[in-house]
Amino acid sequence: MRWVNGHVVVKHPRAAWAGLQEPQILVNARLDQLKGTHSGLSVNQKKERQNLYDQAKKKFNLDSAIDLIEPLISEDVLDRMADLVIEADRTPLLAFPHPGFDDDDAIDGETPVQPLPANAIPFAFSAILAEQLGIDEDRELIQSERVGRTKLNRWLRFLCQPSFDGGVDRDRPYILLDDVVTTGGTLAALRSHIVRSGGRVIAVSALAHSSGRPFEFPVARATLDVLLSLYSEGMRALWARKIGHDLEHLTEAEARTLVDWGEEQRRSGVESGTSLLYALRDRLDEAAAKGR
């Protein structure tokens, strides 16, 4: 992050929304089902699933991740993904955001081995889908920064977005995956890396979301109109300057977050337009300064 004239500035460029054959994020299950806290589970079922989740999420236990995931994969989502594979002009590749690691780093016996990521769930999710769909996984793409987005609030999610490295196959389309999706910012960043490197992304799927239902990935025109009516046309320049990409490149969930906050502020007495725009600018600055 940089500070310019007392205001935070970050650069998170994103590619324009184009090439998606499926504009919705295909969600398989509810987040509480994944975590084992769903009210429909018995006490023993909750205990079993929470243990699997802890082992898979925190200790890179692939066997636990597979046992956790398999009952949650939606047949409807799997069918839609199979249709996308059939409809694609070339066989797609599966890719998901994960930090890089290389066990060969320690070949000299002195350099510490870079540890594996703690979360095995996206690895298992990708492996299961690759087998079910009969397609390959792409492990070339890696997250080059660990920003810990799971624990970030809505403001730091805008300010602290991941970046990615790795070669992109320009001949085969990609289907992107993640274990949990909130606002879709991480998947949008991975998609942008692929698109700006000459590749294509045709669909995105998540194992879990709080609602358990598919939802729009790119920002909808109607949501963008509401956003501009709240904050004024000046929102375009402010967002490009502070965050580094156009409003049109937001995800639908990110845009709804900004709309909801703007409406909260209006109810508390902040006027729409310039006053609300400056309030948003100051809230982002506060988040950057205090880390919350």
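Analysis parameters
- Positions within a chain are numbered from 1, following the residues in the order the chain's sequence is written.
- Reporting in this predicted model follows two pLDDT cut-offs: at least 70 for local features of residues, and 80 or more for side-chain atom pairs to be given and counted; totals over whole chains, interfaces and linings ignore these cut-offs and use all residues.
- For the side-chain quantities, the full set of heavy atoms in the structure was used; hydrogens and water were omitted.
- Only residues whose relative accessible area exceeds 30% and that take part in no salt bridge are eligible for patches, with like-charged residues grouped when within 9 Å of each other and nonpolar side chains (Val, Leu, Ile, Met, Phe, Trp, Tyr) grouped when within 5 Å.
- Per-residue accessibility takes into account occlusion by the displayed protein chains alone, with areas from the Shrake-Rupley method and a 1.4 Å probe.
- Each salt bridge in this description consists of a side-chain nitrogen of Lys or Arg and a carboxyl oxygen of Asp or Glu lying within 4 Å of one another.
- Charged-residue counts in this description rest on Lys and Arg as positive and Asp and Glu as negative, His and the chain ends being excluded.
- The atom standing in for a charge is NZ when the residue is Lys, CZ when it is Arg, CG when it is Asp and CD when it is Glu.
- Helical segments are the DSSP runs of H or I of at least four residues, strand segments are the runs of E of at least two, and each set is numbered from the N terminus.
- By definition here, a helix of n residues has an expected span of 1.5 Å times n minus one.
- When accessible area is computed with a 1.4 Å probe and restricted to protein chains, residues below 20% of their type maximum are described as buried, those above 50% as exposed, and intermediate ones as partly exposed.
- Here, the arc refers to the directions that run from the helix axis to the C-beta atoms.
- Whether two residues are in contact is decided by their heavy atoms: any pair within 4.5 Å suffices.
- Nitrogen and oxygen atoms within 3.5 Å of one another constitute a polar contact, given that in protein one can donate a hydrogen and the other can accept it, and given that sequence-neighbouring residues count only through two side-chain atoms.
- At least two DSSP bridges between two strands are required for those strands to pair.
- Note on method: axes are straight lines fitted to C-alpha atoms, helices fitted across the in-contact stretch only, with angles between N-to-C directions ranging 0 to 180 degrees.

A.B. asks: Hey, could you run me through a negative patch on the surface in this one?
C.D. replies: A surface patch of like charges, here negative, comprises Glu-48, Asp-63, Asp-67, Glu-70 and Glu-131. Mapping Glu-48 onto the fold places it in helix H2 (residues 43-58).

A.B. asks: Help me understand helix H4 (residues 75-87) in this model?
C.D. replies: A turn of α-helix holds 3.6 residues, and therefore any two residues three or four places apart point the same way. When the terminal C-alpha atoms of H4 are compared, their 18 Å separation across 13 residues agrees well with the 18 Å that a helix rising 1.5 Å per residue should span. By the burial criterion, the buried members of H4 are Val-77, Leu-78, Met-81, Leu-84 and Val-85. Here the buried residues of H4 occupy an arc of 120 degrees about the axis, which is enough to place them on one side. Across H4 from its buried face, at more than 90 degrees, point the exposed residues Glu-75, Asp-76 and Ile-86. Elements in contact with the buried residues of H4: strand S3 (24-30), helix H5 (121-133), strand S8 (174-180) and strand S9 (201-209). Two or three places before Asp-76, at the opening of H4, Ser-74 has a side-chain oxygen 3.2 Å from that residue's backbone nitrogen.

A.B. asks: Got a minute to help me understand the pattern of salt bridges in this structure?
C.D. replies: In a structure, side chains of opposite charge can pair up when their charged atoms sit close to one another. Per the stated rule, a full pass over the model turns up 18 salt bridges. Arg-30 is paired through a salt bridge with Asp-32; the nearest N and O atoms lie 2.7 Å apart. Residue classification places Asp-32 among the buried positions, given a relative accessible area of 19%. Among the salt bridges present, the one from Asp-54 reaches Lys-58, with a minimum N-O distance of 3.8 Å. Within this pair, Asp-54 and its partner Lys-58 are both found in helix H2, separated by 4 residues, close to a single helical turn. Judged by its relative accessible area of 55%, Lys-58 falls in the exposed class. A single network of salt bridges, built from pairs that share partners, joins Glu-22, Arg-80 and Glu-87.

A.B. asks: Where do I start with the sheet that holds strand S4 (residues 93-95) in this structure?
C.D. replies: Strands in a sheet are paired, the pairing made by backbone hydrogen bonds, and the direction either parallel or antiparallel. What the 6 strands build is an open sheet, ordered S5-S4-S8-S9-S3-S10; its pairing is mixed. Each edge of the open sheet carries a strand with a single partner, namely strand S5 (136-137) and strand S10 (215-216). As judged from the 2 bridges shared by S3 and S10, these two strands associate in the antiparallel manner. If you follow Gln-24 over to S10, its bridge partner there is Glu-216. Most of the contacts of H4 go to S3, to which it runs at about 150 degrees, and overall it touches S3, S8 and S9.

A.B. asks: Sorry if this is basic, but what is going on with helix H11 (residues 274-290) here?
C.D. replies: Relative to the 24 Å expected for 17 residues at 1.5 Å per residue, H11 spans 24 Å between its end C-alpha atoms, a close match to the ideal helical length. Three or more residues of H11 are buried, namely Leu-276, Leu-277, Leu-280, Arg-283, Leu-284, Asp-285, Ala-287 and Ala-288. On the buried face of H11, the contacting elements are strand S1 (2-4), strand S2 (7-9), helix H6 (154-159), helix H8 (221-231), helix H9 (234-242) and helix H10 (252-267). Within two residues after H11, Gly-291 carries a phi angle of roughly 70 degrees, on the positive side.

A.B. asks: I'm lost on the side chain of Ser-126 in this one. Help?
C.D. replies: By the secondary structure assignment, Ser-126 is in helix H5. Discounting residues that sit within four places of it in the chain, Ser-126 has contacts with Leu-94, Phe-96, Glu-137 and Leu-177.

A.B. asks: Just to check I follow, could you spell out the environment of Arg-236 for this structure?
C.D. replies: Mapped onto the fold, Arg-236 is located in helix H9. Its relative accessible area of 28% is what places Arg-236 among the partly exposed residues. Spatially, the C-alpha atom of Arg-236 lies 38 Å from that of Lys-57, the residues being 179 residues apart in sequence. Once you skip the residues sitting within four places of it in the chain, Arg-236 turns out to touch Arg-221, Leu-228, Leu-247 and Glu-248. A distance of 2.4 Å separates the side chain of Arg-236 from the side chain of Glu-248, its partner in a polar contact.

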